[in-house]
Amino acid sequence: MKKVIPLCAALLVLTLAVTAQINDPVKWTFSAKKKTANTYEVVITATFPKPWHLYSQTTPDGGPIPTKFTFKKNPLVTADGKVKEVGSLKTIYEKYFGVDVKYYSDKVDFVQVVKVKGNAKTNITGEVEYMVCDDKECLPPTSKAFNIKLQ
């Protein structure tokens, strides 16, 4: 009997852990396109099925977590401007948050132009933090690391 109780408790914890896992609907791809001898467009693409939507970087305070990019410092790489969003941006008033939210459905490309010093071959690394919601629920904010070759 003493061995059965801990076994049952362990199975209960395992069952709760498995059912608590959330399946992330967002699929990310990361690439770089060479534009000139030392300039690249880093393209980070998010695709996700309906009815999910991903929030813009410019979603206002008080709303859902906006998409945010953090690039690790690399002495060989400098960013040229801010990350641009390429996709069909929608803005609606969301009564749950009490603000106008900006979001994308289906797909969005995030594009960052970077310059590399000299003819160096290097990588750009970092992380994207994002949040997705559908008509019924929002998933907790999630982070995804990336490592993109610049060659």
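Everything here concerns the structure above.
Every value quoted in this text rests on a predicted model; they were computed, and no experiment measured them. (Residues numbered from 1 in each chain as written. Predicted model: local features only at pLDDT ≥ 70, side-chain atom pairs only at ≥ 80, totals over all residues. Heavy atoms only, no water.)

We now examine the packing of aromatic side chains. All told, the structure shown has eight aromatic pairs when counted by the stated rule. Between the aromatic rings of Phe71 and Phe146, the centroid separation amounts to 5.7 Å while the plane-to-plane angle is 70 degrees, which identifies the pairing as edge-to-face. Linking Phe71 in strand E4 (residues 68-71) with Phe146 in strand E11 (residues 142-150), this pair joins segments that are 75 residues apart in sequence. Residue classification places Phe71 among the partly exposed residues on the basis of a relative accessible area of 27%. You can call Phe146 buried: its relative accessible area is 5%. Ring geometry for Tyr96 against Phe97: centres 5.0 Å apart, planes inclined by 80 degrees, an arrangement best described as edge-to-face. Take Tyr96: its relative accessible area is 67%, and that puts it in the exposed class. Put simply, the rings of Trp28, Phe30, Phe69, Phe71, Phe110, Tyr130 and Phe146 touch in pairs and so form one group of aromatic residues. (Phe/Tyr/Trp six-rings, centres within 6.5 Å; stacked < 30°, edge-to-face > 60°. Helix = DSSP H or I, 4+ residues; strand = E, 2+ residues; numbered from the N terminus. Buried < 20%, exposed > 50% of the residue type's maximum accessible area, 1.4 Å probe, protein only.)

Attention shifts here to the nonpolar core. Counting residues in each nonpolar core, the largest one holds 25 residues, and the members touching the most others are Trp28, Ile44, Leu54, Phe110 and Leu150. Counting only elements with at least two residues in this core, the list comes to strand E2 (39-47), strand E5 (77-86), strand E8 (107-116), strand E9 (122-130) and E11. With residues near it in sequence (within four places) discarded, Ile44 still touches Trp28, Thr29, Phe30, Phe69, Val108, Asp109, Phe110, Phe146 and Ile148. Residues Tyr55, Tyr103, Met131 and Cys133 belong to the second largest nonpolar core, which totals six residues. (Core = buried A, V, L, I, M, F, W, Y, C linked by side-chain atoms within 4.5 Å. Contact = heavy atoms within 4.5 Å.)

Once that is clear, we can look at the layout of surface pockets. Taken as a whole, the largest pocket spans an internal volume of roughly 210 Å³. Within the residue set of the lining of the largest pocket, elements represented by two or more residues are strand E3 (53-55), strand E6 (90-94) and strand E7 (99-105). Residues of the lining of the largest pocket, tallied by class, amount to eight nonpolar, one polar and five charged. (1 Å grid on protein atoms, 1.4 Å probe; cavity = no way out; pocket = protein on both sides within 12 Å on 5 of 7 lines; lining within 4 Å. Points joined across faces, edges and corners; volume = space filled by probe spheres on them. Nonpolar A, V, L, I, M, F, W, Y, C, P; charged D, E, K, R; others polar.)

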